[in-house]
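# Report on the structure
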Amino acid sequence: MSDESAEEPAEPFAPSRWKRVVLKISGEALASTSSDETIDSAIVSRLAKEIAASCGEFGTEMAVVVGGGNIWRGTLGAGEGMDRATSDAMGMLGTVINALALQDAIERAGQPTRVLSAVHMAEVCEPYIRRRALRHLEKGRVVILAAGMGSPYFTTDTPAALRAAEIDAEVIMKGTHSGVDGVYSADPRIRPDAVRYDEIGFMDVISQDLRVMDLTAVTFCRDNQIPILVFDIMSPGNVRAALAGERIGTLIS
Ligand code: UDP
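This write-up is about the structure you can find in this document. Just so it is clear, the structure is predicted and the values come from calculations on it, not from any experiment.

## A few points about the overall build of the protein chain
- In terms of helices and strands, the protein chain carries eight helices and eleven strands.
- For 253 residues, the compact-globule estimate of 2.2 N^0.38 gives 18 Å, and the protein chain sits close to it at 17 Å.
- The C-alpha extent of the protein chain, read off along each of the three principal axes, is 55 × 45 × 40 Å.
- For the protein chain, the proportion of contacts with a sequence separation of at least 24, taken over those separated by at least 6, is 72%.
- Total accessible area on the protein chain stands at roughly 11900 Å², and carbon and sulfur atoms take up 50% of it.

Set out below in structure tokens:
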């Protein structure tokens, strides 16, 4: 629970800094809050600078899994009678657009990157190949993973978990963008009395149906012992704090 009144300062979440992480950024985090722009270059640039600076400062190996909800969601089209697989393919293509926007901004901030897509499109980015992703990480490149898993009927939360396992990441950092800065006992936007957990177990998240991430992803992380840090990515300085292992947000483990 978020009781900070203990006299001893709480231990950081990571023994030192996290060394290899998957950062999940929702597409909606990239959208403008004040206009109808699907990609707000000021937001992308701010995030990119923070990613570049903190990876550079800490030497963190980072794979970014980016969503596409600012452009399209498969369930949207399916709800209107579209073929679900086609609608999901549109969603996956949306994630590629976001990945390219992030790539451009992170590289302008001085940090080399590679976009690896699960849907192959050789003209714009590399295909996702696990060993290639690992090589890029070892060389200090931020790897941006696009098109989720390449399969319909998933959101990008589950590929974030899958890729974290594949590349042996120590943690998934799930950035929130709705103003909710961690895992709460209930939705704090509806229930002001909801309490924020500093740490919580996978089973509690599942049994209490705390919808911080897709259940498939949470279950996968539980089965494969990959902790999830849920934190507010829109707050400047939080990416750095998360990579530094500071106690921000909620750690699910
Ligand atoms: N998607 C998919 N398979 C995947 C990942 C994503 O079909 O492995 C599609 C799905 O339609 C989803 C959309 O891409 O709604 C955008 O991803 P997501 O909803 O995760 O975006 P976010 O909410 O993170 O912005």
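There's more to say after this.
## Quick look at the state of the cysteines
- Tallied over the entire structure, the rule returns zero disulfides.
- This cysteine, C125, is not joined by any disulfide, and C55 carries the nearest cysteine sulfur, 20 Å off.
- The thiol of C221 is unpaired, and the distance to the nearest cysteine sulfur, on C55, comes to 19 Å.

## Remarks on the packing of aromatic side chains
- Taken as a whole and assessed by the stated rule, the structure comprises zero aromatic pairs.
- Above the ring of Y128, the side-chain terminus of R163 is found at 3.8 Å from the ring centroid.

## Overview of the site of the ligand
- Surveying the vicinity of the ligand reveals 21 residues, the closest of which are G27, R73, D88, S151 and T156.
- Between R73 and the ligand, the recorded distance is 2.6 Å, taken from a side-chain N or O atom to an oxygen atom.
- One of the side-chain N or O atoms of T156 is found 2.5 Å from an oxygen atom in the ligand.
- Coverage of the ligand by the protein amounts to 95% of the 530 Å² it exposes when considered alone.
- Considering each element in turn, the shell around the ligand owes the most residues, three residues, to helix α3 (residues 84-108).
- Residues belonging to the shell around the ligand are distributed by class as follows: six nonpolar, eleven polar and four charged.

## Some details on the sheet that holds strand β9 (residues 199-200)
- Strand order in the open sheet formed by nine strands is β4-β3-β5-β2-β1-β6-β10-β11-β9, and the pairing between neighbours is mixed. Unpaired on one side and paired on the other, β4 (126-127) and β9 mark the two borders of the sheet.
- Here three bridges tie strand β10 (residues 228-232) to strand β11 (residues 250-252), and the two strands are oriented antiparallel to one another. In the strand pairing of β11, V230 is matched with T250.
- In the packing of helix α4 (residues 130-138) onto the sheet, contacts are made with β1 (20-25), β2 (61-66), β3 (113-117), β4 and β5 (142-146), and the angle to β2 comes to roughly 130 degrees.

## Some remarks on the pairing of β10
- A large share of β10 lies buried, amounting to five of its five residues.
- Burial along β10 is two-sided: the residues I228, V230 and D232 and L229 and F231 are all buried.
- Pairing geometry for strand β6 (residues 171-176) and β10, over five bridges, is parallel. Across the sheet, residue M173 finds its bridge partner in β10, namely L229.

What counts as what
Residues numbered from 1 in each chain as written. Predicted model: local features only at pLDDT ≥ 70, side-chain atom pairs only at ≥ 80, totals over all residues. Heavy atoms only, no water. Helix = DSSP H or I, 4+ residues; strand = E, 2+ residues; numbered from the N terminus. Rg over C-alpha atoms; globule rule 2.2 N^0.38 Å. Contact = heavy atoms within 4.5 Å. Areas by Shrake-Rupley, 256 points an atom, 1.4 Å probe, with all protein chains shown as cover. Disulfide = S-S within 2.5 Å. Phe/Tyr/Trp six-rings, centres within 6.5 Å; stacked < 30°, edge-to-face > 60°. Lys NZ or Arg CZ within 6 Å of the ring centre and 35° of its normal. Near = heavy atom within 4 Å. Polar contact = N/O pair within 3.5 Å; in protein donor to acceptor, adjacent residues only side chain to side chain. Nonpolar A, V, L, I, M, F, W, Y, C, P; charged D, E, K, R; others polar. Pairing = 2+ DSSP bridges. Axes fitted to C-alpha atoms, helices over the stretch in contact; angles between N-to-C directions. Buried < 20%, exposed > 50% of the residue type's maximum accessible area, 1.4 Å probe, protein only.

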